[in-house]
Amino acid sequence: MQIGDAERPLRVAIIGSGPSGFYAAEHLQQSGLAVEIDMYDRLPTPFGLVRGGVAPDHDKIKSVTRIYDKIADRDSFRFFGNVEFGRDVDHDDLRDLYHAVIYATGSRKSRRLGIAGEDLVGSHPAPAFVGWYNGHPDFVRWSFDLSCERAIIVGVGNVAMDVARILAQSPEALATTDIAEHALDALRASTIRHVLVIGRRGPAQSAFTPKELKELGALEGVDIVVDPAELLLDPASAAEVETSDRARKNLELLTAYGARPRSGAERVIEFRFLRSPVEIVGNGSVTGVRLERNELVTSGDGSLRTKATGETEIIDCGLVLRAVGYLGAALPGVPFEARAGVIPNVAGRIVDRGEQVTGEYVAGWIKRGPTGIIGTNKPDAAETVESLIADARAGKVWEPTAATRPEAEARLWHNRPAHTTYADWQLLDEMEKRRGEAVGAPRRKFTRVSDMLDALAEAKEGASRPAR
Ligand code: NAP
């Protein structure tokens, strides 16, 4: 009897319920093998960055969850929410219960700038701001003071575009999205009128995508400001633009913004390039950012890097959002490359000092780093699952000691805190949608784990109470 036969299903735990976890589950389901997949998440709700990261005004992107619903609907799939790896289940539990585990935990932390003043009040990692306006339970207690005139966003990636858009657009446009209520209230009271986006390299090296850049230009009541002089390219950048569709389109859009007359709109998003923050200035809280002008030089690997000129200026502001990338966090008992923030792997097989770690696999941002769009995770997860299946066929996976799924379940949940199921999530989903209906929004999220669990308990109690 082979692993993957009907009598001996391939049992896999997936840690993390974001896109890469779901695509790994889907690829397992489509493998033709008999599979039993248990997906774990530390939150009671699934979907990772699709729920906690995608901007509230990007509703279309979130509709990808319909595909995840179909994956979850199959008998081979179970969801265990409110279960944290390392706290509620650990490495040894998984070894007892599964043939293999796939870590798909994403990149939970934020990269730091490593400059003076980074921790002043009013200087925040942009991913925390994103989590806050999306009602992620990790960030509901954060407070963002929006009572200043100017915010500075460091970095020119798509997270920078998201936070610039959220800060600059009319809160009334956001009221009809699934934005967290606390964020909507704060944005309604915001006095920020000038959002300054800073790129350390030139416009040709911007990391944002044309679609996101174009979206800014369509915001009502917002002027986009670019100094045309900043768009003049050095020869190496000009050559880069020749070969990159994205860079060419970005430059075309920035050029069009630079040529647009100011309409006198109340809110402004301005871009400045070739400047690095060298200090966040303030006395207790942020009052400005010291920027140093850069030149571009070609480095050994052919990429264009910054070279500081020594010329600095301070720009006043009351809020700094550092949108310089996410960073993966280490998992207990799992190898980790701290600098890159990833789990070392070869085609999804975890390796420790060059040796494959039996039964352990990785997918998504924690495998390759925080790059790409949601769809990038599909081939990424497929590669991992192919490695896993090849190893299972060769008998090079764990041998679970629990003979059946119910036995595994009985062992795992003995003496452990309550977990949520996919049906629980669907109940929460319905409740959030009903709460949204009342205010003309697609949903109003529960933002605290305790509120989610209380609402579930109440709904179940109501359902089991005999009708009078
Ligand atoms: P990102 O795309 O890697 O952009 C990071 C930006 O920070 C770059 O401009 C980078 O400049 C800059 N940076 C890094 N270190 C810096 C430093 N020390 N000083 C100044 N600037 C610094 O990261 P992200 O914006 O967090 O996005 C993560 C991923 O999610 C990306 O793949 C993104 O496309 C995706 N995403 C997509 C969407 C969407 O599809 N709508 C929305 C959000 C995020 P250099 O290039 O010079 O390093």
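Residues numbered from 1 in each chain as written. Predicted model: local features only at pLDDT ≥ 70, side-chain atom pairs only at ≥ 80, totals over all residues. Heavy atoms only, no water.

### Section: the pattern of salt bridges
At step 1: Applying the stated criterion across every chain, the model contains 36 salt bridges.
At step 2: Asp 88 is the salt-bridge partner of Arg 87, the closest N and O atoms lying 2.7 Å from each other.
At step 3: Here Glu 118 makes a salt bridge to Arg 322, at a shortest N to O gap of 3.1 Å. On the criterion of sequence distance, the pair formed by Glu 118 in the loop between strand E5 (109-110) and strand E6 (123-125) and Arg 322 in strand E14 (residues 319-322) is long-range, its members being 204 residues apart. (Salt bridge = Lys/Arg side-chain N within 4 Å of Asp/Glu carboxyl O. Helix = DSSP H or I, 4+ residues; strand = E, 2+ residues; numbered from the N terminus.)

### Quick word on the pairing of strand E13 (residues 304-316)
At step 1: Taken together, the ten bridges between strand E12 (residues 285-298) and E13 define a ladder with antiparallel strand orientation. Bridge pairing in E13 links Arg 290 to Ile 314. (Pairing = 2+ DSSP bridges.)

### What to know about the side chain of Glu 432
At step 1: When you line up the elements, Glu 432 lands in helix H16 (residues 422-437).
At step 2: For Glu 432, the contacting residues outside a window of four places in its chain are Arg 51, Trp 425, Arg 443, Arg 444, Lys 445 and Phe 446. (Contact = heavy atoms within 4.5 Å.)

### Digging into unusual backbone geometry
At step 1: Even without being glycine, Ala 347 reaches a positive phi, approximately 50 degrees.
At step 2: Tracing the backbone shows Ala 347 in the loop between strand E16 (345-346) and strand E17 (349-352).
At step 3: Looking at Ala 347, the relative accessible area reads 27%, which means it is partly exposed.
At step 4: Positive phi is not limited to glycine here, since Arg 353 has a value of about 45 degrees.
At step 5: As for its position among the elements, Arg 353 is in the loop between E17 and strand E18 (355-362). (Buried < 20%, exposed > 50% of the residue type's maximum accessible area, 1.4 Å probe, protein only.)

### Here's the deal with the site of the ligand
At step 1: Around the ligand lies a shell of 21 residues, among which Asn 158, Arg 200, Arg 201, Glu 212 and Gly 372 are the nearest.
At step 2: Residue Val 159 places a main-chain N or O atom 3.0 Å away from an oxygen atom belonging to the ligand.
At step 3: Take Arg 201: an N or O atom from its side chain is 2.8 Å from an oxygen atom of the ligand.
At step 4: A total of 920 Å² of accessible area belongs to the ligand in isolation, and the protein chains cover 78% of it.
At step 5: The dominant element in the shell around the ligand, judged by the number of residues it contributes, is helix H7 (residues 158-168), at three residues.
At step 6: Split by residue class, the shell around the ligand holds ten nonpolar, seven polar and four charged. (Near = heavy atom within 4 Å. Polar contact = N/O pair within 3.5 Å; in protein donor to acceptor, adjacent residues only side chain to side chain. Areas by Shrake-Rupley, 256 points an atom, 1.4 Å probe, with all protein chains shown as cover. Nonpolar A, V, L, I, M, F, W, Y, C, P; charged D, E, K, R; others polar.)

### So, the nonpolar core
At step 1: If you look at the biggest cluster of nonpolar residues, it comprises 50 residues, and the most contacted ones within it are Phe 129, Tyr 133, Ile 153, Leu 167, Val 197, Ile 269 and Phe 271.
At step 2: Looking at this core element by element, the count peaks at seven residues for H7.
At step 3: Residue contacts for Leu 167: discarding those within four places in its chain leaves Phe 129, Leu 146, Ala 151, Ile 153, Leu 187, Ile 192, Val 195, Arg 267, Leu 319 and Leu 321.
At step 4: Ranked by size, the runner-up nonpolar core spans 42 residues in total, among them Leu 10, Ile 14, Val 54 and Val 385. (Core = buried A, V, L, I, M, F, W, Y, C linked by side-chain atoms within 4.5 Å.)

### Here we look at helix H14 (residues 377-393)
At step 1: Taking 1.5 Å per residue as the helical rise, H14 with its 17 residues ought to reach 24 Å, and the 24 Å between its terminal C-alpha atoms agrees with that figure.
At step 2: Buried residues of H14: Asn 377, Asp 380, Ala 381, Ala 382, Thr 384, Val 385, Ser 387, Leu 388, Ile 389, Asp 391 and Ala 392, and no others.
At step 3: As for H14, its buried residues are in contact with strand E1 (10-15), helix H1 (19-29), strand E4 (100-103), E17, E18 and helix H13 (365-368).
At step 4: Backbone geometry just downstream of H14 places Gly 395 in the positive-phi region, at approximately 75 degrees. (Expected span 1.5 Å × (residues − 1).)

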